[in-house]
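One-letter residues, chain by chain:
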There are 2 protein chains.
Amino acid sequence: MSQPATLPDLATLRALPPRDLADTLLALSPAELGALFERFGDEAMAELVGELDPRDAARLIRKLSRPAAADLLEEMAPDEAADVVEELPPEQAEPLLTEVEPDAAREIRELLAYPPESAGGMMTPQYVAISPDLTADEALAHLRRLAEEAEVVYYVYVTDPATRRLLGVLSLRNLVLSRPTTPVRDLMIREVIRVRADAPREEAARLLDQHHLIALPVVDEQDRLLGVITADDAADVLLEEAGEDLERVGGAQPLDEPYITASPLTLARKRVGWLLLLFVAEAYTGTVLRHFADELERVVALAFFIPLLIGTGGNTGSQVVTTVIRAMAMGEVRMRDAFRVWRKEVATAVLLGAAMAAAALLRARLLGVAPEVGLTVALAAAAIVLWAATVAGLLPLVLRRLGVDPAVVSAPLIATLVDGTGLVIYFEVARRVLGL
Amino acid sequence: MSQPATLPDLATLRALPPRDLADTLLALSPAELGALFERFGDEAMAELVGELDPRDAARLIRKLSRPAAADLLEEMAPDEAADVVEELPPEQAEPLLTEVEPDAAREIRELLAYPPESAGGMMTPQYVAISPDLTADEALAHLRRLAEEAEVVYYVYVTDPATRRLLGVLSLRNLVLSRPTTPVRDLMIREVIRVRADAPREEAARLLDQHHLIALPVVDEQDRLLGVITADDAADVLLEEAGEDLERVGGAQPLDEPYITASPLTLARKRVGWLLLLFVAEAYTGTVLRHFADELERVVALAFFIPLLIGTGGNTGSQVVTTVIRAMAMGEVRMRDAFRVWRKEVATAVLLGAAMAAAALLRARLLGVAPEVGLTVALAAAAIVLWAATVAGLLPLVLRRLGVDPAVVSAPLIATLVDGTGLVIYFEVARRVLGL
């Protein structure tokens, strides 16, 4: 079955995006996979598997013999190996780890002790730490011995040999460029940006991004160096967070597994809560309409504009809320800017409200309803746009103040809030203009 | 006015997120800024200014004397300096560049020649390129001379000395760890992942992210090395793209300036197009309702459920579309998965439709309408959920196939599409169940 000639070559595999790489590797039979490992070697395969989503990597691991899987884990970066082991069922993870070479197994187990959502859960123990008393030359010689083990030798950390406390950092570049006899103590930067292992991983990712770092040291509560987080992992965390915001804004709880493998039951479970909550919230529109049933029966034409008006309110709110949540995610807008946001959104809504009133007037004329009904619809359109912008501009800020993720103010939630209140505005305008 | 004692110290400034750093620096008077430059030196200030959004950096530059601004630009990374100059009005940029030291000015001008949205527009010319004929030791010696100029010496690129074509890459780590006499030719990796200068910058960012690179070489159409793009810039591009998706999904054209400085007129301009388009699209709901005016007049109770039903359809659609767009952005879902997506969404919608039908039945009983109306509402709810999921699941895929950014299938657009068609479903169900 496994014709070596049909196996993909290494350069092709390396060039594939992770999703395609997973599809290609997972489509191979165990025998073909074995042939691939034999041809490319464990190290090259470990590099490829390290690019996969940990869930895909775990599925791949389960197709390998236990010794082959153990060899692969040994060659992988320990943080990536730990992420993969985390995705295996415990009854498979434990026997596999006992076959992994003891040092590598210990590193993986140590990393598994940190929750995956913490900075500690993203770190790798493969850093280089040296004593401040070495000279640049001695440090380089030390590096030559150590660096095969270390993922990130671009930064070298300086720790107190006795306490392991983090004292400073220097870049490999500085070390290479310095006079060989200069002591490390005089080369190192003392103000090291660092993160606590128990901090949320988003905090670590944001520090890496903001300060344009290649690696960030992770310390414990006694400031002892535990590991480093690399910039490439940070980008993934920030993108995942942005993706979760997108799903929340759409009114669903974010998926914590890839969409393509999520079952309909999982999808339904992630969505039904919000859907029912929004249904209950929206249900009062029925009460509002029943309340105005008399007016509706006297001027049935009013009903024609209900979806149009509440739709416009919802659309306005959706535009505002996504723009404000994006600005909050980028750190541009904070609670103290609330008044500024509100003023800006109201000014914008005055402009948009005028445009929508004109459009509503035109539409009323096209539908051939009475001019007073047209006037009612136009005034209501302007008022609803203004109201939607106010609610959507302020609610995310208020929620963050209350400690709630602002992205739960989804487009559907704003639409729902504006639907009923928008109807009240509509019928109150109608009462006054039409004298109902 | 400028009391040096009141000026912030460097460590404090370094620890600030970019937004706060901008606020702090822009709040200073020109005299205070001058004092800051004097105290910390151009190099430290260039590093700080490099962390700012280019627009903020440009505002800061305009508060400096021209010689001070020129000194600052010289010390900044050329790619960051070019981004800042791009934000200055041409009548200020030109005279400023003539004061910048010629080599630095030339680098900045060369970068300005590439559109900011291209890979070339993100690159820095500060890379290190060596000949394949050097030994590891000679290469290190060369690096020692060159690397002060270079931003990224973690990778060393190997180019043909005659043609400047990119031949290979090696990491500083490899160079440091190799036997001194090994020729670079034998150390370098020949399959270098690279990007063309005219490629979109998102492509470059995705390559850096997928392959966990620290830097990506940029080449011209003859494969000559022009510059490098660093991973920290890639994260910013990917996050900006994710933020734009968020705004598009909310139904607004993304802002191309920070929200906090955007004027209401700009905001209105970015939103009015979609708002009017959605209004026109939504207007046919009026036509639908007028078409069913007889039914509405006979059973006014049907009107009570209009916002509830179309709201549920819109919410379902919004959940599906944001989940699918997120999956597409992460490369999990492609056109060839369309059938799989549709099957998954239909299965999910069957579950959700059943839940919503039950909720609708309950709500109808609470409102005290006739049982047949309740049945109508329940059946319509299930059918509308199914319909919304189908439209929202397939439309983004179809649009990408047509070359349109799938994120334009915003939550409001889906809601609008489902509103009118949902009403048709509702009244057709009503006709059959109620025999109207």
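Reading the values: the criteria
- Residues numbered from 1 in each chain as written.
- Chains lettered and ligands numbered in written order.
- Predicted model: local features only at pLDDT ≥ 70, side-chain atom pairs only at ≥ 80, totals over all residues.
- Heavy atoms only, no water.
- Salt bridge = Lys/Arg side-chain N within 4 Å of Asp/Glu carboxyl O.
- Helix = DSSP H or I, 4+ residues; strand = E, 2+ residues; numbered from the N terminus.
- Buried < 20%, exposed > 50% of the residue type's maximum accessible area, 1.4 Å probe, protein only.
- Axes fitted to C-alpha atoms, helices over the stretch in contact; angles between N-to-C directions.
- Parallel < 35°, antiparallel > 145°, perpendicular 65-115°, else oblique.
- Left-handed = near helix turned anticlockwise from the far one by under 90°.
- Contact = heavy atoms within 4.5 Å.
- Nonpolar A, V, L, I, M, F, W, Y, C, P; charged D, E, K, R; others polar.
- Polar contact = N/O pair within 3.5 Å; in protein donor to acceptor, adjacent residues only side chain to side chain.
- Pairing = 2+ DSSP bridges.
- pLDDT = per-residue confidence, 0-100.
- Least-squares fit on C-alpha atoms with pLDDT ≥ 70 in both.
- Patch = residues over 30% accessible without salt bridge, like charges linked within 9 Å, V, L, I, M, F, W, Y side chains within 5 Å.
- Areas by Shrake-Rupley, 256 points an atom, 1.4 Å probe, with all protein chains shown as cover.
- Lys, Arg positive; Asp, Glu negative; His and termini not counted.
- Charge placed at Lys NZ, Arg CZ, Asp CG, Glu CD.
- Phe/Tyr/Trp six-rings, centres within 6.5 Å; stacked < 30°, edge-to-face > 60°.
- Lys NZ or Arg CZ within 6 Å of the ring centre and 35° of its normal.
- Core = buried A, V, L, I, M, F, W, Y, C linked by side-chain atoms within 4.5 Å.
- Buried area = accessible area lost by both parts, 1.4 Å probe.

1. Remarks on the pattern of salt bridges
Stage number 1. Per the stated rule, a full pass over the model turns up 56 salt bridges over all chains.
Stage number 2. Residues Asp20(B) and Arg334(A) are paired through a salt bridge, measuring 3.1 Å at the closest nitrogen-oxygen approach. Here the residue Asp20(B) occupies a position in helix α2 (residues 18-26), and Arg334(A) occupies one in the loop between α18 (306-329) and α19 (338-367), the pair thus bridging two chains.
Stage number 3. In this structure Arg334(A) comes out as partly exposed when scored by relative accessible area, which is 24%.
Stage number 4. Note that Glu117(B) is salt-bridged to Arg201(B), the shortest N-O span being 3.4 Å. With a gap of 84 residues between them, Glu117(B) in the loop between α8 (102-112) and α9 (119-122) and Arg201(B) in helix α13 (residues 201-210) connect regions that are remote in the sequence.
Stage number 5. Relative accessible area serves as the criterion here: at 49%, Glu117(B) is assigned to the partly exposed category.
Stage number 6. Assessed through its relative accessible area of 12%, Arg201(B) is described here as buried.
Stage number 7. Through salt bridges with shared partners, one network takes in Arg19(A), Asp20(A), Asp23(A), Asp56(A), Arg59(A), Arg334(B) and Arg336(B).

2. Describing helix α6 (residues 78-86) of chain B
What sets the pattern is the α-helix's 3.6 residues per turn: residues three or four places apart point alike.
Stage number 1. The buried fraction of α6(B) is high, at seven of nine residues.
Stage number 2. Buried within α6(B) are the following residues: Pro78(B), Asp79(B), Glu80(B), Ala81(B), Ala82(B), Val84(B) and Val85(B).

3. Some details on the packing of helix α18 (residues 306-329) of chain B against helix α20 (residues 371-401) of chain B
Packed helices, taken two at a time, are described by the angle between their axes plus the distance between the axes.
Residue and element names in this part refer to chain B.
Stage number 1. Two numbers describe how α18 lies on α20: the axes approach to 8 Å, and their chain directions differ by 30°. As the angle between them shows, α18 and α20 are arranged roughly parallel. For α18 against α20, the interelement crossing comes out right-handed. Every residue of α20 that contacts α18 at Leu-309, Thr-312, Gly-313, Thr-316, Gly-317, Val-320, Val-321, Val-324, Ile-325 and Met-328 is listed here: Val-377, Ala-380, Ala-381, Ile-384, Val-385, Ala-388, Ala-389, Ala-392, Gly-393, Pro-396, Leu-397 and Arg-400.
Stage number 2. Here the residues of the contact of α18 with α20 sort into 16 nonpolar, five polar and one charged.

4. Concerning the environment of Thr266(B)
Residues and elements named next belong to chain B.
Stage number 1. By the element assignment, Thr-266 lies in helix α15 (residues 264-291).
Stage number 2. By relative accessible area, Thr-266 is classed as buried at 17%.
Stage number 3. Through-space distance from the C-alpha of Thr-266 to that of Tyr-155 is 43 Å; in sequence the pair is 111 residues apart.
Stage number 4. Setting aside residues no more than four positions away along its own chain, Thr-266 makes contact with Leu-255 and Glu-257.
Stage number 5. There is a polar contact of 2.9 Å between the side chain of Thr-266 and the side chain of Ser-263.

5. Some remarks on the pairing of strand β6 (residues 225-230) of chain B
Stage number 1. Of all six residues in β6(B), six are buried; the element is thus mostly enclosed.
Stage number 2. Joining the antiparallel neighbours strand β5 (residues 215-219) of chain B and β6(B) is a turn of five residues, in which Asp223(B) adopts a positive phi near 70°.

6. Things to note about the confidence of the model for chain A
Residue and element names in this part refer to chain A.
Stage number 1. The predicted model of chain A averages 88 in pLDDT, with 97% of residues at 70 or higher.
Stage number 2. The lowest-confidence element of chain A is helix α11 (residues 172-177), averaging 76 in pLDDT; the highest-confidence one is strand β4 (residues 195-196), averaging 96.
Stage number 3. Among the prediction metrics, the complex's ipTM stands at 0.79, with pTM recorded as 0.80.

7. Considering the relation of the copies chain B and chain A
Stage number 1. Between the two copies, chain B and chain A, the superposition gives an RMSD of 0.1 Å; the rotation angle is 180° and the shift along the axis is 0.0 Å. Viewed as a symmetry operation, the transformation between the two copies matches a two-fold axis.
Stage number 2. Both copies contact each other with a shared surface, as 100% of the interface residues of chain B are interface residues in chain A too.

8. Structural notes on unusual backbone geometry
All names here are of chain A.
Stage number 1. One non-glycine residue, Arg-164, adopts positive backbone phi at about 65°.
Stage number 2. Counting through the fold element by element, Arg-164 comes out in the loop between β2 (155-159) and β3 (166-171).
Stage number 3. Overall, Arg-164 belongs to the partly exposed group, its relative accessible area being 42%.
Stage number 4. At Asp-223, a residue that is not glycine, the phi angle is positive and equals roughly 70°.
Stage number 5. On the basis of relative accessible area, Asp-223 is assigned to the partly exposed category, the value being 25%.

9. Some points on a negative patch on the surface
Stage number 1. A cluster of acidic residues, Glu43(A), Asp71(A), Glu75(A) and Glu99(A), forms a negative patch at the surface.
Stage number 2. Following the sequence through the fold, Glu43(A) ends up in helix α3 (residues 30-51).

10. Concerning the sheet that holds β4(A)
Residues and elements named next belong to chain A.
Stage number 1. An order of β4-β5-β6 is seen for the three strands of this open sheet, with the pairing classed as mixed. Since the sheet does not close on itself, it has two edges, and those belong to β4 and β6 (225-230), each with one partner.
Stage number 2. Relative to strand β5 (residues 215-219), β4 runs parallel, the two being bridged by two bridges. Across the sheet, Arg-196 pairs through a bridge with Val-219, a residue of β5.
Stage number 3. In the packing of helix α13 (residues 201-210) onto the sheet, contacts are made with β4, β5 and β6, and the angle to β5 comes to roughly 140°.

11. What about a nonpolar patch on the surface?
Stage number 1. A cluster of nonpolar side chains, Met335(A), Val398(A), Leu402(A) and Val404(A), forms an exposed patch at the surface whose accessible area comes to about 310 Å².
Stage number 2. Looking at where Leu402(A) falls in the secondary structure, it is placed in the loop between α20 (371-401) and α21 (411-434).

12. A look at the sheet that holds strand β4 (residues 195-196) of chain B
Residues and elements named next belong to chain B.
Stage number 1. Overall, mixed pairing links the three strands, which are arranged β4-β5-β6 in an open sheet. Here the strands that pair on one side only, and so sit at the sheet edges, are β4 and β6.
Stage number 2. Packing against the sheet, α13 makes contact with β4, β5 and β6, and its axis sits at approximately 140° to β5.

13. Quick notes on the packing of aromatic side chains
Stage number 1. Applying the stated rule across the entire model yields six aromatic pairs over all chains.
Stage number 2. Ring centres of Tyr426(B) and Phe427(B) lie 5.2 Å apart, and the angle between their planes is 45°; on these two criteria the pair is classed as tilted.
Stage number 3. Among the aromatic residues, ring-to-ring pairing joins Phe292(A), Tyr426(A) and Phe427(A) into one connected group.
Stage number 4. Lys344(A) extends its terminal NZ or CZ atom over the ring of Tyr259(B), reaching a point 5.4 Å from the ring centre.

14. Describing the nonpolar core
Stage number 1. With 141 residues, the main nonpolar core has Leu72(A), Val195(A), Ile229(A), Leu72(B), Val195(B) and Ile229(B) as its most contacted residues.
Stage number 2. Those residues in contact with Leu72(B) that lie beyond four places of it in its chain are Phe37(B), Asp42(B), Met45(B), Ala46(B), Val49(B), Ile61(B) and Leu64(B).
Stage number 3. Listed in part, the 132 residues of the second largest apolar core include Val300(A), Leu413(A), Ile306(B) and Val373(B).

15. A few points about the environment of Pro67(B)
Residues and elements named next belong to chain B.
Stage number 1. By the element assignment, Pro-67 lies in helix α5 (residues 66-75).
Stage number 2. Using a relative accessible area of 46% as the deciding quantity, one classes Pro-67 as partly exposed.
Stage number 3. Counting along the chain gives 33 residues from Pro-67 to Val-100, while the straight-line C-alpha distance between them is 8.2 Å.

16. Looking at the interface of chain B and chain A
Stage number 1. Between chain B and chain A, the residue contacts involve 121 residues of the former and 121 residues of the latter.
Stage number 2. Between chain B and chain A the total buried area reaches about 10,500 Å² when both faces are included, carbon and sulfur atoms providing 65% of it.
Stage number 3. Summed over the three residues of chain B that lose the most area to chain A, namely Tyr259(B), Phe279(B) and Arg326(B), the buried surface amounts to 8% of that side.
Stage number 4. Across the chain B-chain A interface, the total number found is 12 salt bridges.
Stage number 5. For Asp20(B), the salt bridge goes to Arg336(A), with nearest N and O atoms at 3.5 Å.

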